[in-house]
Amino acid sequence: MAEWFLFLPQVRFRLAEIVERARVAETSGFDGIAFIDHLEAPGATHQGIWEAMTVATWVAAHTERLRIGHLVLCDAFRHPAVLAKQAVTLAAATGGRFELGLGWGSWPQEFDRFGIDDGHDAPARVRRLARTLELLPRYWGADDHDDLVQQPVPEHPIPLVLGGTGKRTMELVRQYAHWWNVPSHQLDRLPELLPTIGSARASVQQMVGFVGEDADRDAVTEVSRRRFGHLGDGLRCGDAAELADHFGALAAQGVERFYVWFADFAQPQTLAEFADTVIRAR
């Protein structure tokens, strides 16, 4: 059975609104929630954005069942030893609900603005991510005699989620990942790459313009396309039956998890109705 995560970029929300949506998602039947990791909101730098690990910790403290993660943490923002310690701490605090999503950075402008390495040297960022992925098991005690082992070692497994479709990223997916995620704007790569992911499980990020039972289809579609039409096929507008068919077709290809991103900024009533009519329909 597929897993369902709410993808909720922590942009333009008050913290209380994020917690509200997380709680509605939990009670409605979503399995998890995922945030983003940026120092400024990509493409909307005038908007406020909360720090990724802190907001994940805050939401974890206000939920009981939801798994907590990110699509994805930016590797360059944290030293690997610090990241390893944060992940172990949050996994322990949540009773094993934390998942570690990692990537090498998708918004070079913030690297330049805040003086974090060279944001335009993509090969260097990929090499850095590869080094982090190599170090994390050492920090976590893969070899008890390694002088890099941190204490305490993880009490719970920490699933590793890697996103992206580049050649080097796919090599890292095959070597390290428990989950491979396809970003919403690259869903056309799914059939080509799915057979190449080794033992990793596949997830997709999907922007949804949900046409609820009492909604105006034309209005929902117009607003969704105005806000997120740049995603192309990464935006899917439809009613419950249409969306259930869409996700069902992805599941038939081998996708085991959906990160659902809502064009109406995840209004609580939308989350509840989507869960009742789409998630339960699956």
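None of these values were measured; they are calculated from a predicted model.

A tally of regular secondary structure across the chain gives 10 helices and 10 strands. Here the C-alpha radius of gyration of the chain, 18 Å, is about what a compact globule of 282 residues would show, namely 19 Å. Seen through its principal axes, the chain has C-alpha atoms that stretch 60 × 40 × 40 Å. Burial statistics for the chain: of 282 residues in total, 54% are counted as buried. Total accessible area computed for the chain in this model is approximately 12800 Å², and 51% of it derives from carbon and sulfur atoms.

A separate point is the environment of H185. Within the fold, H185 resides in the loop between β7 (179–182) and α7 (190–193). A relative accessible area of 52% places H185 in the exposed class. Each C-alpha atom, one on H185 and one on Q150, is 38 Å from the other, the two residues being 35 residues apart in sequence.

One finds W4, F30, L100, L102, W180, F247 and F274 to be the most contacted residues of the largest nonpolar core, which totals 70 residues. In terms of nonpolar packing, the next biggest core, distinct from the first, is built from 18 residues, I36, V161, L231 and Y259 among them.

All right, on to the environment of E222 then. By secondary structure assignment, the location of E222 is in helix α8 (residues 217–228). Using a relative accessible area of 43% as the deciding quantity, one classes E222 as partly exposed. It is 9.7 Å that separates the C-alpha atoms of E222 and C237, two residues lying 15 residues apart in sequence.

The rules behind these values
Residues numbered from 1 in each chain as written. Predicted model: local features only at pLDDT ≥ 70, side-chain atom pairs only at ≥ 80, totals over all residues. Heavy atoms only, no water. Helix = DSSP H or I, 4+ residues; strand = E, 2+ residues; numbered from the N terminus. Rg over C-alpha atoms; globule rule 2.2 N^0.38 Å. Buried < 20%, exposed > 50% of the residue type's maximum accessible area, 1.4 Å probe, protein only. Areas by Shrake-Rupley, 256 points an atom, 1.4 Å probe, with all protein chains shown as cover. Core = buried A, V, L, I, M, F, W, Y, C linked by side-chain atoms within 4.5 Å.

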